[in-house]
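In case you want the letters, here they are:
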Amino acid sequence: MENQNILESGIQRRSFLRYAGAGMAAVALTVAGCKKDNDGMVDPVTGAVDLGSGDIGILNYAYALEQLEAAFYEAVVKTPFGGMTETEKVFLTDIRDHELAHRDFFKAALGDQAIPALEVDFSSINFSDRTSVLGTAKAFEDLGVSAYNGAGRLIQSPDYLTLAGKIVSVEARHAALIRDLIENGSFANMEVVDATGLDVARSPKEVLAIAKTYIKTEINANNLPS
């Protein structure tokens, strides 16, 4: 019960949203000053979304993943799985609110360089089943952490790198919580932390290959830095 109380006293939604709102204006101004023509375009023939290049491309890459996570948790809260406890509902609602804040943060910061809303496909997820929902949440959170870890070295702007570091720390809290809901005390294992105590890092190509199962919109990441 003590551990549960610690978890329940975690990040307050309103405090997090205030943080996101306070930082958004500054980041948006920075992005606005670094516009690159044709970034974030939709191919008129294939309908594929081009993430763009440079730091703008990396921000759009993060925005795409946040869209996916936000859509997933919105569905989870809207259609609770059978037997969902009140504590689980509170936790999952908090995570939903964080992901919505992340998504909206990137959309506002990128302005007219933001990619459009992506179409998701959750047909493989049984939202009425706890195991299916939490298993997918675990996969999404672990993937998100590894995505930010892998993209960090590609970011040129110190301001963007700081932002990514703040968001990945929140995603890591989500990942630990979901793992603990699945099995108490299993907040991390060798799937996500290596023998030297470092988190897994994946390249954008690796991450998008995994995520495409749940994203119907075709994404072109060929112009991202590597």
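Rules of the game
- Residues numbered from 1 in each chain as written.
- Predicted model: local features only at pLDDT ≥ 70, side-chain atom pairs only at ≥ 80, totals over all residues.
- Heavy atoms only, no water.
- Salt bridge = Lys/Arg side-chain N within 4 Å of Asp/Glu carboxyl O.
- Helix = DSSP H or I, 4+ residues; strand = E, 2+ residues; numbered from the N terminus.
- Buried < 20%, exposed > 50% of the residue type's maximum accessible area, 1.4 Å probe, protein only.
- Contact = heavy atoms within 4.5 Å.
- Polar contact = N/O pair within 3.5 Å; in protein donor to acceptor, adjacent residues only side chain to side chain.
- 1 Å grid on protein atoms, 1.4 Å probe; cavity = no way out; pocket = protein on both sides within 12 Å on 5 of 7 lines; lining within 4 Å.
- Points joined across faces, edges and corners; volume = space filled by probe spheres on them.
- Nonpolar A, V, L, I, M, F, W, Y, C, P; charged D, E, K, R; others polar.
- Phe/Tyr/Trp six-rings, centres within 6.5 Å; stacked < 30°, edge-to-face > 60°.
- Axes fitted to C-alpha atoms, helices over the stretch in contact; angles between N-to-C directions.
- Parallel < 35°, antiparallel > 145°, perpendicular 65-115°, else oblique.
- Left-handed = near helix turned anticlockwise from the far one by under 90°.
- Expected span 1.5 Å × (residues − 1).

Peer 1: So what exactly am I meant to see when it comes to the pattern of salt bridges here?
Peer 2: A side chain of one charge can pair with a side chain of the opposite charge when the charged atoms of the two come close. For the structure shown, the criterion picks out 6 salt bridges. Across the pair E74 and R103 runs a salt bridge, and its minimum N-O distance is 4.0 Å. With E74 in helix 3 (residues 54-78) and R103 in helix 4 (residues 86-110), this residue pair connects regions lying 29 residues apart in the sequence. Residue E74 is classed as partly exposed on the basis of its relative accessible area of 36%. Take R103: its relative accessible area is 23%, and that puts it in the partly exposed class.

Peer 1: I would appreciate a short explanation of the environment of N220 in the present structure.
Peer 2: On the secondary structure map, N220 appears in strand 2 (residues 219-220). The spacing of N220 and D50 is 170 residues in sequence and 4.6 Å in space, taken between C-alpha atoms. When neighbours within four sequence positions are excluded, N220 is seen to be in contact with V49, D50 and L51. For N220, the side chain forms a polar contact with the main-chain nitrogen of N222, separated by 2.9 Å.

Peer 1: Explanation requested: the side chain of T136 in the structure shown.
Peer 2: By secondary structure assignment, the location of T136 is in helix 5 (residues 130-151). The contact partners of T136, leaving out residues within four places of it in the chain, are F72 and I125.

Peer 1: What am I meant to see in empty space enclosed by the protein here?
Peer 2: Over the atoms a probe the size of a water molecule is rolled, and this reveals where empty space is left. Inspection of every chain in the model, using the stated rule, returns 2 cavities of 30 Å³ or more. Estimated volume of the largest cavity: approximately 100 Å³. Looking at the largest cavity, it is lined by 13 residues, and the ones nearest its centre are I58, A62, Y148, A151 and A164. The greatest single-element share of the lining of the largest cavity, amounting to 5 residues, is contributed by helix 3. In the lining of the largest cavity, the residues fall into 12 nonpolar, 1 polar and no charged. Space inside the second largest cavity adds up to approximately 40 Å³. As for the second largest cavity, its lining consists of L65, L68, E69, F140, L143 and G144. Looking at the lining of the second largest cavity, the elements with two or more residues in it are helix 3 and helix 5.

Peer 1: How do you make sense of the packing of aromatic side chains when you look at a structure like this?
Peer 2: Within a pair of aromatic rings, the relevant descriptors are the distance that separates the centres and the angle that separates the planes. The tally for this structure, following the rule as stated, stands at 8 aromatic pairs. By the ring-pair criterion, three or more aromatic residues cluster together here, those being F72, Y73, F122, F127, F140 and Y214.

Peer 1: Would you explain the packing of helix 3 against helix 4 in this entry?
Peer 2: Axis angle and axis distance: for two packed helices, these are the angle between their axes and the distance between the axes, and together they describe the pair. It is at 8 Å that the axes of helix 3 and helix 4 come closest, and there the two elements cross at 150°. One element, helix 3, and the other, helix 4, form an angle in the roughly antiparallel class. Here helix 3 runs over helix 4; the crossing is left-handed. Looking at the contact of helix 3 with helix 4, its residues break down into 13 nonpolar, 4 polar and 7 charged.

Peer 1: Mind showing me how you'd approach helix 3 here?
Peer 2: Helical geometry note: an α-helix holds 3.6 residues per turn, so side chains three or four residues apart project in the same direction. The end-to-end C-alpha distance of helix 3 is 36 Å, a good match for the 36 Å that 25 residues give at a rise of 1.5 Å each. The element helix 3 is largely enclosed, with a buried count of 20 among its 25 residues.

Peer 1: Is there a simple way to explain the layout of surface pockets in this structure?
Peer 2: Roughly 220 Å³ of volume is contained in the second largest pocket. Lining the second largest pocket, in full, are K205, L208, A209, A211, K212, I215, T217, E218, I219, N220 and A221. For the lining of the second largest pocket, the elements supplying multiple residues, two or more each, are helix 7 (204-211) and strand 2. Examining the composition of the lining of the second largest pocket, we find that 4 residues originate from one element, helix 7, more than from any other.

Peer 1: What am I meant to see in the environment of Q113 here?
Peer 2: Within the fold, Q113 resides in the loop between helix 4 and helix 5. The class for Q113 is buried, based on a relative accessible area of 5%. Taking the C-alpha atoms as reference points, Q113 and M41, separated by 72 residues in sequence, lie 8.3 Å from one another.

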